[in-house]
Structure formats: structure tokens, C-alpha cells
Amino acid sequence: MQRTIKFLEHSQIDFEKWDECIGSTSSPQPYGFSWYLNWLVDQWQALVIGDYEVVLPLFIQKKYGQFYSTRPFGTQSLGPYSKVPLTEDIVEVMLSASMERVKYAEFFFGPFTPVPEALKANKYSNFVLNTSKDYEELYQGYSSQNKRNLKKAASAKFELALWSSVQDAVQLWQQEIREKTAINETDFNRLGKLLEFCHYQKRGVLYAVRDEYNQLCGTQFWVVHQGRSTLLLNASTAWGKEHGVSAWLIDQHIKSTSGREHLIDFEGSSIPGLKRFYSGFGAQDEPFYMHVENQLPFPINLLKTKSTR
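Nothing here was measured: the structure is a model prediction, and the numbers come from that model. (Residues numbered from 1 in each chain as written. Predicted model: local features only at pLDDT ≥ 70, side-chain atom pairs only at ≥ 80, totals over all residues. Heavy atoms only, no water.)

Asker: Run through the overall build of the protein, naming residues and quoting values.
Answerer: Across its full length, the protein holds 10 helices and 15 strands. Along the longest, intermediate and shortest principal axes, the C-alpha atoms of the protein span 60 × 40 × 35 Å. For the protein, buried positions account for 52% of its 309 residues. Contacts in the protein between residues at least 24 apart in sequence constitute 73% of all its contacts with a sequence separation of at least 6. (Helix = DSSP H or I, 4+ residues; strand = E, 2+ residues; numbered from the N terminus. Buried < 20%, exposed > 50% of the residue type's maximum accessible area, 1.4 Å probe, protein only. Contact = heavy atoms within 4.5 Å.)

The structure is reproduced here in C-alpha cells:
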């Protein structure tokens with residue numbers, strides 16, 4: 001395979017060839033597709049080997065006179081992506097080419113990426129569930145806690161609020177997590193526009209539940225593309241949590257995809273309670289990895305995460 005690496009500005013990227021590379025694997029995660037990234041980032045750049053045989057997105061910004069690349073909000077793992085079998089050598093070559101453009105970079109490698117051992121990358125959980133089995137068999141794999149949550153939901157007699165909008169879902173999500181995170185308004189708005197686009201293009205499905213006072217008490221948004229559902233938004237009120245609304249909504253989605261080859265991706269979480277919750281649907285951990293290259297000069301390098309190499 002040709003190893004010449006081209007650096008492309010956003011305007012130079014052939015998005016059709018790019019998406020063909022991203023989608024060349026079975027049930028690909030959505031984060032690397034151009035239609036996904038273009039909603040989250042004004043301008044992003046790319047490293048490309050050959051005729052889009054291997055690609056890696058970069059998100060170059062400048063601060064304190066130094067160029068850096070960090071993961072956009074709303075994404076998880078971001079390559080390298082390849083139409084040919086990836087090797088540790090290819091991963092190293094792409095990282096080296098990235099560091100010719102920036103002094104600091106955070107790389108998030110997807111499950112099954114051959115991460116060179118020398119990088120000492122940090123590992124994070126990502127839970128996935130294949131729903132090819134019948135629903136009754138999938139249900140038997142639920143934890144006792146999640147089965148109890150579904151009994152609570154049955155008592156509440158939930159029904160899907162089909163008239164709810166993506167804006168309603170994002171508003172509830174903002175309302176419930178604003179004080180717990182440092183997510184800024186711009187990032188919230190960008191993600192909301194992405195979800196609206198996915199919903200309009202039928203690349204996503206929205207679930208919502210309202211309480212007896214017609215107040216939204218639980219909502220989820222799944223991006224659905226090429227045989228994979230990815231949970232991008234999951235929010236509920238205190239009342240909704242008490243009555244098992246999140247478990248009920250996930251169960252609804254599992255029912256809708258059961259009996260066919262489909263992969264449900266709960267995304268990852270370092271919060272122990274969420275890890276137990278998602279794995280409690282019979283999901284398996286397919287971890288992703290984070291590696292940091294920090295070549296910033298002193299004392300600016302102290303402001304960023306140290307290298308994991």
C-alpha cells in the first residue's frame with residue numbers, strides 16, 4: 001500500500017470517498033462520517049493515505065500561538081479509519097504525520113484499532129449489544145435491577161409521546177445536565193442541529209415520554225446508520241428516573257431491533273452506575289482508547305494533559 005500521506009484542508013476533502021472509507025467496516029460508528037462532523041465543526045482537516053485507503057480527521061485550532069487538535073463535543077472514537085487491515089505501523093505513521101501539524105493532539109482510537117503498546121493509551125468502556133436474537137432471549141440477559149426498573153415503568157403505564165420534537169429532547173437534556181457539566185451553549189446547539197438533521201434524514205430515532213401533567217419526563221435519541229444504533233442523548237427528570245423511564249425507553253429500542261442483525265451502541269461511560277446500567281441489558285464492553293501527544297513548550301505544556309506515551 002502506498003504510504004504517501006496527504007494533508008487536506010476542509011475544502012479539499014472528497015466527502016464521497018471519505019465516507020466510503022468510514023463506512024467500509026461492518027456496523028461503523030457514526031462519528032467519522034463527513035455528514036456527522038460537518039454539523040459539529042466549522043472546519044476540520046484530514047490526513048489521507050493513497051486514494052482514501054486510510055484517513056484520519058484533525059481539528060486544528062490555535063491558542064497562545066500554538067496549534068493543537070482535540071476531539072469535538074459529540075464524538076467518541078475518531079480513527080484512523082481504513083479500507084485495508086490496520087496495523088500498528090500505520091497508526092504510528094498517521095500519528096507522526098499529525099504531530100507535524102500541531103504541538104498537542106488527543107487521539108481517540110476505536111474498538112479493535114491496533115494501538116501500539118508504546119503509546120500506553122488509556123482505556124475506556126464502550127458497551128454494545130447485538131440484537132439478532134429474539135426479544136425474549138435478549139430480555140433474559142437483562143440484570144435483575146433493570147428488570148425491576150421495567151416493572152416500575154409498567155406500573156407507570158408509559159406511552160410514547162410521538163408528537164415530541166428533537167428540540168424538546170435537547171431542552172430536557174440541557175436542563176438535567178447543565179449544572180453537572182461544563183458543556184457550553186455553542187456545543188449544545190451544534191449537537192441539537194446534528195440530531196435534527198439525523199431525524200429529518202431518517203438517520204435517527206427519537207423516543208419521548210410525558211407524565212400525567214404532559215411534562216416531558218424522559219427522552220432518548222439514537223443515531224441509526226448502517227446497522228448500528230448509537231445512543232447520543234439520554235435524559236430524564238427525577239420523576240422519570242424514579243419510575244424507570246430510561247430502562248423502558250432502551251427496552252423499546254431493543255424490541256424494535258430484535259430478531260435482526262443490528263448493533264446497539266450505548267456509548268461509553270466512566271461512571272460506575274452507568275456502566276452497570278448499560279451492561280445490565282446484556283451489552284458487552286468493546287473499549288476505545290485515548291492517547292495524548294503533548295509537545296507544547298514550557299510552561300504552556302502544563303495547561304494540557306501530559307503525554308500518555
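Now, onward.
Asker: Please set out the side chain of Ser82 residue by residue, giving values where relevant.
Answerer: Considering the arrangement of structural elements, one finds Ser82 in strand β6 (residues 81-82). Separated by 3.4 Å, the side chain of Ser82 and the backbone oxygen of Glu53 make a polar contact. Within polar-contact distance, the side chain of Ser82 engages the backbone oxygen of Val84 at 2.5 Å. Contacts of Ser82, omitting those with residues within four sequence positions, involve Cys21, Ser24, Thr25, Glu53 and Val54. (Polar contact = N/O pair within 3.5 Å; in protein donor to acceptor, adjacent residues only side chain to side chain.)

Asker: Hey, could you go over the nonpolar core for me, with residue numbers and the actual values?
Answerer: Side chains of a nonpolar character, in soluble globular proteins, are inclined to be buried together. Core analysis: the biggest nonpolar cluster contains 41 residues, and Trp18, Tyr36, Val55, Leu195, Phe221 and Leu233 have the highest contact counts within it. For this core, the elements supplying multiple residues, two or more each, are α1 (15-22), α2 (34-40), β2 (45-49), α6 (166-177), α7 (185-200), β10 (204-210), β11 (216-225) and β12 (228-236). Of all hydrophobic cores here, the second largest spans 25 residues; its members include Leu138, Tyr142, Ala153 and Ile254. (Core = buried A, V, L, I, M, F, W, Y, C linked by side-chain atoms within 4.5 Å.)

Asker: Give me the lowdown on the sheet that holds strand β9 (residues 127-130), citing residues and values where you can.
Answerer: Reading across from one edge, β10-β11-β12-β13-β9-β14 is the order of the 6 strands in this open sheet, with mixed pairing throughout. Looking at strand neighbours, the two that pair on one side only are β10 and β14 (284-285), the edges of this open sheet. Where β9 meets β14, 2 bridges bridge the pair, whose relative direction is antiparallel. Paired with Phe127 across the two strands is Asp285, which belongs to β14. (Pairing = 2+ DSSP bridges.)

As far as function goes, none of this settles anything; it's purely spatial.
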